Amino acid sequence: MAPPVIKGVYLPTEFPLPSQEPSATATISPPPLPPSAHPVKKMAINGMTGYFKACGPGYPPELARWVIAISVYMRMTLDNQAAEELPVYNDRNELIGTFSIELPQFKPMYTAQDNGGFPPAEPHLRHTVCPSVRVLAASNIMEMLIKCWLLENEDVHPDNLGVNGIIDFDMAAYSVTQPLKAGDRLLGLQTRAIGNYSITPRGVLNFPDTENTGVYWPTKEATTLYRRQFLNRLEFIKLKTHPDAIKKKFLGFLKELLVYDEKVFRARLAQYIDTSIFIEKCIPFFAKRHRELSDVLVRLPEFLQHIKDNPAIVSEAIKFFRDDNKFHKAKAVRIRQSQPYYQIPEPHNIERIKADFLLIWRSCLFNPFLGLMKKAQELTRQLHFIHNRPTHAHPLSTTAIPPAPTPSSTLTATDLSQSQHILAQSFILDDSIDTSDSWTPSQTQMLLFCRDLHTLIVEFYDAKSGRFDDHIKFEGELNKVLRRAYKIREQLVDEEDSPWLADWDEIKKELTYIRECMSLLSSHCTLLEPAPSQTEAATSATTATDESLGDAILVQPQAPPQDQMLLIAKELYHFLEKIDKPRLQQIYQAAIVEYQPYTLNLLASFYSRTRGTTLKDLLRRFEQGEISATADLIASTFKEGNWANTHSFNVILLSSLLAEMSKQYAAPQQPNIGALTRLRYSQEQMLKLGLMPGTVGAILTIANLEEIGRKLLDYKTHPQQQEQAHGNQVAQLSSSTLALWASRMSRGSLSSAGVDSLAGVDSLTMAP
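Only a predicted model underlies this, so the values are computations on that prediction, with no experimental measurement involved. (Residues numbered from 1 in each chain as written. Predicted model: local features only at pLDDT ≥ 70, side-chain atom pairs only at ≥ 80, totals over all residues. Heavy atoms only, no water.)

## With respect to the overall build of the protein
Then comes step 1: Helix and strand content of the protein: 32 helices and 7 strands.
Then comes step 2: Across the 768 residues in the protein, those meeting the buried criterion constitute 50%.
Then comes step 3: Summarising the internal contacts of the protein: among those between residues at least 6 apart in sequence, 72% fall at separations of at least 24.
Then comes step 4: Carbon and sulfur atoms form 54% of the exposed surface of the protein, whose accessible area is close to 34400 Å². (Helix = DSSP H or I, 4+ residues; strand = E, 2+ residues; numbered from the N terminus. Buried < 20%, exposed > 50% of the residue type's maximum accessible area, 1.4 Å probe, protein only. Contact = heavy atoms within 4.5 Å. Areas by Shrake-Rupley, 256 points an atom, 1.4 Å probe, with all protein chains shown as cover.)

Encoded structure:
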């Protein structure tokens, strides 16, 4: 009978299995062996070395399937750092055990009893078996421990954990699998109590030194020899305060929130497990643990703050999933040459992951939003109380605010329905506010502001989607609301309404923080949608037949791509020469308005001079003809100011100019193909080019903008010298490169390797 059509091992009946009796070492005391000490046999199958664990008392087929499921889930983020467990079948299609493929680099850590309780003297060995906190932080140990914590792994002792990997999962999901190990008692082994693995905010912040773990956890102190304490236990405790470990901790938690996709997980399980009944039985455990982790993280201010302050972890997380898909795809190409029926793992759904990130971010922002709403509510109540408006006539509902339940965070389209309901109930303002003559303009504007803010936030949460456009539109609305807040504050100062200043500053502070979070969200969106590299473009271009490659993808040698900023500055300079003066005035004025809220910051004004007056004067002189050329206006602007952040005027103006150029060069009706070719950008990339750093699609950092600004200024000052320098760069192509290019052109074809070699040597570039 043929074995099941899944990934596994087939053993004939006559294969000698390990004895089901307890091994001789199992009776030695002290210390007694842990419940996972089942006999295993080292084997080599189809060139793979691994360890066969036979089913029997204490390791029934049901538990073997759990081990496989745990392995599949761990490898979704750890890949080859977690042992791959394969099912083993006999010729009657009976599951008779599991085969754990050996991790080549795995080496277990030392226990407190090894080497007399002292670390080995040889440095390389010491870093492997008794690593310091520095070595641990540099490894992927944090993510391995997160997986073990999430999956309730009771067996994280030194024999199963190394800096390069983790093995042995028959005591994971122990709240579910512990009854399956009852047969251990027949082998004379002790069945230990189930540990507490509840996920708490304190546990996340102190991880891995968390209070809710099993007895073998690396930070736990052993009270008996049975516990086999880690020799470097104190080094594991230090991880909770190590900066590098903290970054990897939050990166690992973010990956855990994003990786769980039931459809993908089911598909991967189906490649290893022969029964859908078991898959239906085990899925709820993984979904439950993922939900528990999500509920804690989205309500944890430190998690939101860390992502806000370290946006790179978002790109790292998304890059992992992209790279994992590419790795398995490439691996399948290699293996299928010898194994035609090799199944590639179900790929991660990148679009769903991106949408889930937006929903996670929105859920994380829920509490700051709710705090902002409550502050606005209290201020509005004070305003009505001052004007002696009766309760029943208040446009503000006085209904008691229900306690805020934990927002659902199952990362689906309906995740935020509870959040929207809570916001809707936080306070309700009538659309028509009847104000009398006794109300000052600022008080009336405060009431209108609170009403509009309430409506804006409720509509945002009511959208319940993980689409980029919803978040970008909302960020734009927040910018407008923030400007209104600054204007109201100005009026409060002018009218000497001092009782409201402190309250209004609190509202403005909360709103500013949320606006910064949303702005960073946009930069995260940029990281989620990276522009394709030249290498990728070249690779995709060579998928056509050789006959079509000669003239289709090669263009005349251009300036070296490493000085892309010079090309952008040059194109922008020529664009500004042709731009209508009224249109430039509009762009400049809009940039001043965008910059204005930050010039009103009292703290900023105290420490540094703002440029508001100077900029308005430059614009006035340009409008009146005192500054006649566009180049002079831009040069005068960029001479001063800084490029330190997205709020500096230079960054705002240059981004606006790039945006204007992008719209005209990449307009679908009449794209400037010549400019796009010189810049080596597609229309889509060009549209992304001019967006502000911190908005979706932007491909330029502030450092890039500063370089463009500097080269643009130089280009305006010395255009002929810049043209000559540009020509020299083109001429710098080596003769060998041109000869290689000419020879390949003469053959009329280019192989993929040939294109890659040309791209790496110098500046033969591919058309967009």
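## Considering the nonpolar core
Then comes step 1: Core analysis: the largest hydrophobic core is formed by 135 residues, its most contacted members being I141, F286 and F303.
Then comes step 2: The dominant element in this core, judged by the number of residues it contributes, is helix α1 (residues 61–78), at 12 residues.
Then comes step 3: When near neighbours in sequence (up to four residues on either side) are disregarded, I141 contacts M109, L136, L161, G162, V163, F236 and L239.
Then comes step 4: Grouped together as the second largest cluster of nonpolar side chains are 48 residues, Y573, I592, A635 and L712 included. (Core = buried A, V, L, I, M, F, W, Y, C linked by side-chain atoms within 4.5 Å.)

## Section: the pairing of strand β5 (residues 95–101)
Here is the key point about a regular strand: its side chains alternate between the two faces of the sheet.
Then comes step 1: The buried fraction of β5 amounts to 7 of the 7 residues, a majority that puts the element mostly inside the structure.
Then comes step 2: In the sheet, strand β3 (residues 48–54) pairs with β5 via 5 bridges, with the strands oriented antiparallel. Bridge pairing in β5 places Y51 opposite S100.
Then comes step 3: Bridge analysis of strand β4 (residues 85–89) against β5 gives 5 bridges, and the strand direction is antiparallel. Across the sheet, Y89 pairs through a bridge with L95, a residue of β5.
Then comes step 4: Hairpin connection of β4 to β5: 5 residues between the antiparallel strands, including N93 at a positive phi of 60°. (Pairing = 2+ DSSP bridges.)

## Some points on the packing of α1 against helix α8 (residues 243–259)
Then comes step 1: Look at α1 against α8: their axes get within 10 Å of each other, and the N-to-C directions meet at 120°. In terms of orientation, α1 lies oblique with respect to α8. The two elements α1 and α8 cross, and the hand of that crossing is right-handed. Contacts from Y73, M76 and T77 in α1 reach K255, E256 and V259 in α8.
Then comes step 2: Residue composition of the contact of α1 with α8, by class: 3 nonpolar, 1 polar and 2 charged. (Axes fitted to C-alpha atoms, helices over the stretch in contact; angles between N-to-C directions. Parallel < 35°, antiparallel > 145°, perpendicular 65-115°, else oblique. Left-handed = near helix turned anticlockwise from the far one by under 90°. Nonpolar A, V, L, I, M, F, W, Y, C, P; charged D, E, K, R; others polar.)

## Brief notes about the confidence of the model for the protein
Then comes step 1: Looking at the protein as a whole, the pLDDT averages 74, with 70% of positions reaching at least 70.
Then comes step 2: A low-confidence stretch, residues 602–608 stays under pLDDT 50, and its non-local contacts, those more than four residues away or across chains, total 4 contacts. (pLDDT = per-residue confidence, 0-100.)

## A word on the side chain of R65
Then comes step 1: Along the chain, the position of R65 falls in helix α1.
Then comes step 2: Among all residues touching R65, those that are not within four sequence positions of it are L95, I273, D274, T275 and F278.

## Topic: the pattern of salt bridges
Then comes step 1: Per the counting criterion, the structure on display carries 35 salt bridges.
Then comes step 2: Ionic pairing is found between K255 and E143, a salt bridge with its closest N-O pair at 2.9 Å. Within this pair, whereas K255 is found in helix α8, its partner E143 is found in helix α4 (residues 141–150), the two being separated by 112 residues in sequence. The exposure classification of K255 matches that of E143, with both residues buried. (Salt bridge = Lys/Arg side-chain N within 4 Å of Asp/Glu carboxyl O.)

## Section: helix α10 (residues 276–297)
Then comes step 1: An ideal rise of 1.5 Å per residue puts 32 Å on 22 residues; α10 measures up with 32 Å between its terminal C-alpha atoms.
Then comes step 2: For α10, the N-terminal cap is T275; the gap from its side-chain oxygen to the backbone nitrogen of I277 is 3.1 Å. (Expected span 1.5 Å × (residues − 1). Polar contact = N/O pair within 3.5 Å; in protein donor to acceptor, adjacent residues only side chain to side chain.)

## Focus: the sheet that holds strand β2 (residues 40–45)
Then comes step 1: Reading across the sheet, the 5 strands line up as β1-β4-β5-β3-β2 and stay open at both edges, with mixed pairing between neighbours. Unpaired on one side and paired on the other, β1 (9–10) and β2 mark the two borders of the sheet.

## Remarks on the packing of aromatic side chains
Then comes step 1: Considering all chains together, one arrives at 27 aromatic pairs under this definition.
Then comes step 2: Their ring planes at 65° and their centres at 6.1 Å tell us that F207 and W217 sit as a pair that is edge-to-face. Taken together, the residues F207 in the loop between α6 (201–206) and α7 (233–238) and W217 in the loop between α6 and α7 connect sequence positions 10 residues apart. Here F207 and W217 have matching classes, each one buried.
Then comes step 3: Look at F285 and F286: their rings are 5.4 Å apart centre to centre, the planes differ by 80°, and that puts the pair in the edge-to-face class. Note on accessibility: F285 and F286 belong to one class, buried.
Then comes step 4: Members of the aromatic cluster, each reached through a chain of ring pairs, are W66, Y73, Y260, F265, F278, F285 and F286.
Then comes step 5: The cationic tip of K53 hangs over the ring face of Y59; the distance from NZ or CZ to the ring centre is 5.1 Å.
Then comes step 6: Above the ring of F460, the side-chain terminus of R362 is found at 4.0 Å from the ring centroid. (Phe/Tyr/Trp six-rings, centres within 6.5 Å; stacked < 30°, edge-to-face > 60°. Lys NZ or Arg CZ within 6 Å of the ring centre and 35° of its normal.)

## Here's the deal with the side chain of S139
Then comes step 1: Note on placement: S139 falls in the loop between α3 (133–138) and α4.
Then comes step 2: Engagement of the side chain of S139 in a polar contact is seen with the backbone oxygen of L136, the distance being 2.7 Å.
Then comes step 3: Of note is the side chain of S139, whose polar atom sits 3.2 Å from the backbone nitrogen of I141.
Then comes step 4: In this structure, S139 is in contact with V163 and K248, ignoring residues within four places of it in sequence.

## Looking at the pairing of β3
Then comes step 1: Looking at chain direction, β2 and β3 are connected through 6 bridges and run antiparallel. Residue K41 lies in a different strand from β3, and its bridge partner there is F52.
Then comes step 2: Counted along the chain from β2 to the antiparallel partner β3, the turn is 2 residues long, and its residue N46 has a positive phi close to 50°.

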